[in-house]
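# Structure assessment
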Amino acid sequence: MSAPDATGIDRVGVVGCGLMGSGIAEVSARAGLDTLVYEVSDQALDAGRGRIQDSLDRAVKRGKIDEAERDAALAALRFTTDLDEFADRDLAIEAAPEDEALKVRVFGTLDRVMTSPDALLTSNTSAIPIAKLGAATTRPAQVMGLHFFNPVPVLDLVELVPSLVTSTRAQERVRAFAEGPLARKVIVSQDRAGFVVNALLIPYILAAVRMHESGFAAPEDIDDGMVRGCAHPMGPLALADHIGLDTTLAVAESLYAEFKEPLYAPPPLLSRMVQAGLLGRKTGRGFYEHQGR
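Presented here is a report on the structure given in the accompanying data block. None of these values were measured; they are calculated from a predicted model. (Residues numbered from 1 in each chain as written. Predicted model: local features only at pLDDT ≥ 70, side-chain atom pairs only at ≥ 80, totals over all residues. Heavy atoms only, no water.)

Along its length, the protein carries 11 helices and eight strands. Relative to its length of 293 residues, the protein is compact, with a C-alpha radius of gyration of 19 Å against a globular reference of 19 Å. Summarising its shape, the C-alpha atoms of the protein cover approximately 55 × 45 × 35 Å along the three principal directions. Across the 293 residues in the protein, those meeting the buried criterion constitute 48%. Put simply, of all contacts in the protein between residues at least 6 apart along the chain, 67% involve residues at least 24 apart. By element, 52% of the accessible surface of the protein is carried by carbon and sulfur atoms, the whole surface being about 13400 Å². When the 30 basic and 40 acidic side-chain charges of the protein are each reduced to a single mean position, those positions are 1 Å apart. (Helix = DSSP H or I, 4+ residues; strand = E, 2+ residues; numbered from the N terminus. Rg over C-alpha atoms; globule rule 2.2 N^0.38 Å. Buried < 20%, exposed > 50% of the residue type's maximum accessible area, 1.4 Å probe, protein only. Contact = heavy atoms within 4.5 Å. Areas by Shrake-Rupley, 256 points an atom, 1.4 Å probe, with all protein chains shown as cover. Lys, Arg positive; Asp, Glu negative; His and termini not counted. Charge placed at Lys NZ, Arg CZ, Asp CG, Glu CD.)

Right, dumping it as structure tokens:
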């Protein structure tokens, strides 16, 4: 494994080590990049470190990588609870929870601490406007969306989302980084809530929630209809549990706030489930019961 030359990106910082952040950190480390991972507490870091270790071990068992590659990836990773340590990063990938105020604060901090004038700031947001995140910095021309999909080590798609003021050079560097060392398939979206994938996916999931909420059909029947009738790999309600109902709700709210179209409005059932802490796989219960989460 070796670091890239053309992009000038050798040192990567990942903000957040939850389901998405840990996956992004893993693929960065597997590409041989010096990868620094931030979390808000030692407990959260320990959980994220364990998540990455488990994922790499599974990759070895499945023959995707060998033990030497796993060990090299682990050696490329460092962990911190201090964002000031991002000072030397060439690229930051923010993967904090889908909360606009939180992400704006993170971008303001990253802008302050990252010392290189060429440093790039990217967000894994599913729906928050990139222009708002760029406006929190003194370098909006170097801010863009870099949206991965869960599970990151398995799904090779990434959405590149420039704002109206993102420079062409910044876009070229981030695209080369994603397509090169990370070996991602890149699609480009305008800076609109939901980008390409979620603008199509979320209304589909919400329609399934409304169908169940109205008593039209049970979750199992809705999902079986789409899996067995349309050859989808997973039904919409099982997918919502996989994504996280809190994330699904947050993206729906962002879409509705921007477009004001009824198909984006979160159904009351989805809101109540999130309020009750029934978030899907991450909590062990959503539309389904989940063991061994």
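From this point, the discussion proceeds with the structure in view.
Our next topic: the packing of aromatic side chains. All chains considered together, the criterion is met by one aromatic pair. Where Phe 259 meets Tyr 264, the ring centres are 5.5 Å apart and the plane angle is 35°; that geometry is what we call tilted. For Tyr 264, a relative accessible area of 10% gives the class buried. (Phe/Tyr/Trp six-rings, centres within 6.5 Å; stacked < 30°, edge-to-face > 60°.)

Our focus in this paragraph is the side chain of Ser 271. When you line up the elements, Ser 271 lands in helix H11 (residues 268-275). Residues within four places of Ser 271 in sequence aside, it is in contact with Leu 249 and Pro 266.

Attention now goes to the sheet that holds strand S6 (residues 143-148). Read from one edge of the open sheet, eight strands run S3-S2-S1-S4-S5-S6-S7-S8, paired in mixed fashion. The open sheet has two edge strands, strand S3 (77-80) and strand S8 (185-188), and neither has a second partner. Strand-to-strand twist in this sheet, taken as the mean axis angle between neighbours without regard to direction, amounts to 25°. Docked against the sheet, helix H6 (residues 168-179) engages strand S1 (11-15), strand S4 (91-94), strand S5 (120-123), S6, strand S7 (157-162) and S8, running at close to 20° with respect to S6. (Pairing = 2+ DSSP bridges. Axes fitted to C-alpha atoms, helices over the stretch in contact; angles between N-to-C directions.)

Attention now goes to the nonpolar core. Ile 93, Leu 146, Phe 148 and Phe 177 are the most contacted members of the largest nonpolar core, which totals 35 residues. Only S1, helix H1 (19-30), helix H2 (42-61), S4, S6, S7 and H6 provide two or more residues apiece to this core. When residues no more than four places from it in sequence are discounted, the contact partners of Phe 177 are Thr 7, Ile 9, Val 12, Leu 33, Leu 91, Ile 93, Leu 146 and Leu 182. In this structure, Ala 217, Ile 222, Leu 255 and Leu 270 belong to the second largest nonpolar core, which totals 26 residues. (Core = buried A, V, L, I, M, F, W, Y, C linked by side-chain atoms within 4.5 Å.)

By secondary structure assignment, the location of Thr 122 is in strand S5. When neighbours within four sequence positions are excluded, Thr 122 is seen to be in contact with Leu 91, Ala 92, Ile 93, Glu 94, Phe 107, Met 144, Leu 146 and Val 174.

The quantities given are spatial measurements derived from coordinates; they are silent on function.
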